[in-house]
Amino acid sequence: MASPRLLAESEITTSNLDELFREAFFKTSLDKDGDLIVQSDGPRVIVTVDQQKKLVKFMAVYGLREEAALEPKLALVNRMNDEIIYVRFSVPRDDILVADYFLLFQEGIPAFQLVSSLRLFARVVPAAIRACDQEDLVE
């Protein structure tokens, strides 16, 4: 049995993650800021690496109905944060919902954990929106 592929701290780079997610059959690209965009079966996931803090960040951004008041949007975020453990939700602007998750890679991380964490993130976020957005605030 083959031993799991372990990525050392120094190997956690945007280009190496791009290669890893392509090997796992995801479509990837880089945005104008150099961030990695991974197209999952659910949302487009923005993947960034913070070498100083040893964190990989998965983030998905959704639009919110502009005509809706801020209070129901904040209530939605509070409900999702209360009911969903894996992902953090926020409303940084009236018209944007952000979902994010941070994965520590200090002293290295198995490649499988990176890929499976991305897959879980991509399933949890839309499921949380479907379960919690009774007012149809998310576009």
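Below or above, wherever it landed, is the structure these notes cover. These numbers come from a predicted model, not from an experiment.

**Regarding the nonpolar core**
Grouped together as the largest cluster of nonpolar side chains are 42 residues, with contacts concentrated most on Phe21, Val47, Phe89 and Leu97. Mapped onto this core, the elements with two or more residues apiece are helix H1 (14-23), strand E3 (36-39), strand E4 (44-50), strand E5 (55-63), helix H2 (70-83), strand E6 (88-93), strand E7 (96-104) and helix H3 (111-132). Counting residues per element, this core draws most heavily on H3, which supplies 10 residues. Contact partners of Leu97, with chain neighbours within four places excluded, come to Ala60, Val61, Tyr62, Leu64, Val77, Met80, Phe89, Ser90, Val91, Ile129 and Val138.

**Re the packing of aromatic side chains**
In this structure the tally under the stated criterion is four aromatic pairs. Centre to centre, the rings of Phe58 and Phe121 are 6.1 Å apart; their planes meet at 45°, and the pair counts as tilted. One end of the pair, Phe58, is in strand E5; the other, Phe121, is in helix H3, and 63 residues separate them in sequence. Residue Phe58 shares its accessibility class with Phe121, and that shared class is buried. Following the ring pairs from residue to residue traces out a cluster consisting of Phe58, Tyr86, Tyr101 and Phe121.

**Thoughts on the sheet that holds E5**
Judged by pairing direction, the sheet is antiparallel, and its six strands sit side by side in the order E2-E3-E4-E5-E7-E6 without closing on themselves. This sheet does not close on itself; its edge strands, each paired only once, are strand E2 (27-30) and E6. When the angles between neighbouring strand axes are averaged without regard to direction, this sheet yields 30°. Judged from the four bridges that link them, E2 and E3 form a sheet pairing that is antiparallel. Along E3, the bridge assignment pairs Thr28 with Val38. In the packing of H1 onto the sheet, the strands contacted are E2, E3, E4 and E5, and the crossing angle to E3 comes to about 10°.

**Let's talk about the side chain of Asp100**
Tracing the sequence through the fold places Asp100 in strand E7. A distance of 2.7 Å separates polar atoms of two side chains, one belonging to Asp100 and the other to Arg88. When near neighbours in sequence (up to four residues on either side) are disregarded, Asp100 contacts Lys57, Phe58, Met59, Val87, Arg88 and Phe121.

**Looking at the packing of H2 against H3**
In helix packing, the relevant descriptors are the interaxial angle and the interaxial distance, both defined with respect to the helix axes. Where H2 meets H3, the axes come as close as 10 Å, and the angle between the chain directions of the two elements is 120°. Here H2 is positioned oblique relative to H3, judged by the angle of their axes. The two elements H2 and H3 meet at a crossing, and its hand is right-handed. Contacts from Leu76, Arg79, Met80 and Glu83 of H2 reach H3 at Ala128, Ile129 and Cys132. Considering only residue class, the contact of H2 with H3 consists of five nonpolar, no polar and two charged.

**Digging into the pattern of salt bridges**
Here the structure, examined in full by the defined rule, presents seven salt bridges. The shortest N-O distance in the salt bridge between Lys54 and Glu9 comes to 3.4 Å. Of the two residues, Lys54 sits in the loop between E4 and E5 while Glu9 sits in the loop between strand E1 (6-7) and H1, which places them 45 residues apart along the sequence. On the basis of relative accessible area, Glu9 is assigned to the partly exposed category, the value being 23%.

**Details of the pairing of E7**
The buried fraction of E7 is high, at seven of nine residues. Two elements, E5 and E7, share nine bridges in a ladder whose sense is antiparallel. Paired with Phe58 across the two strands is Tyr101, which belongs to E7. Pairing of E6 with E7, which is carried by four bridges, proceeds in the antiparallel orientation. Within the sheet, the bridge partner assigned to Ser90 lies in E7 and is Val98. Hairpin connection from E6 to E7: two residues lie between these consecutive antiparallel strands.

Criteria and cut-off values
- Residues numbered from 1 in each chain as written.
- Predicted model: local features only at pLDDT ≥ 70, side-chain atom pairs only at ≥ 80, totals over all residues.
- Heavy atoms only, no water.
- Core = buried A, V, L, I, M, F, W, Y, C linked by side-chain atoms within 4.5 Å.
- Buried < 20%, exposed > 50% of the residue type's maximum accessible area, 1.4 Å probe, protein only.
- Helix = DSSP H or I, 4+ residues; strand = E, 2+ residues; numbered from the N terminus.
- Contact = heavy atoms within 4.5 Å.
- Phe/Tyr/Trp six-rings, centres within 6.5 Å; stacked < 30°, edge-to-face > 60°.
- Pairing = 2+ DSSP bridges.
- Axes fitted to C-alpha atoms, helices over the stretch in contact; angles between N-to-C directions.
- Polar contact = N/O pair within 3.5 Å; in protein donor to acceptor, adjacent residues only side chain to side chain.
- Parallel < 35°, antiparallel > 145°, perpendicular 65-115°, else oblique.
- Left-handed = near helix turned anticlockwise from the far one by under 90°.
- Nonpolar A, V, L, I, M, F, W, Y, C, P; charged D, E, K, R; others polar.
- Salt bridge = Lys/Arg side-chain N within 4 Å of Asp/Glu carboxyl O.

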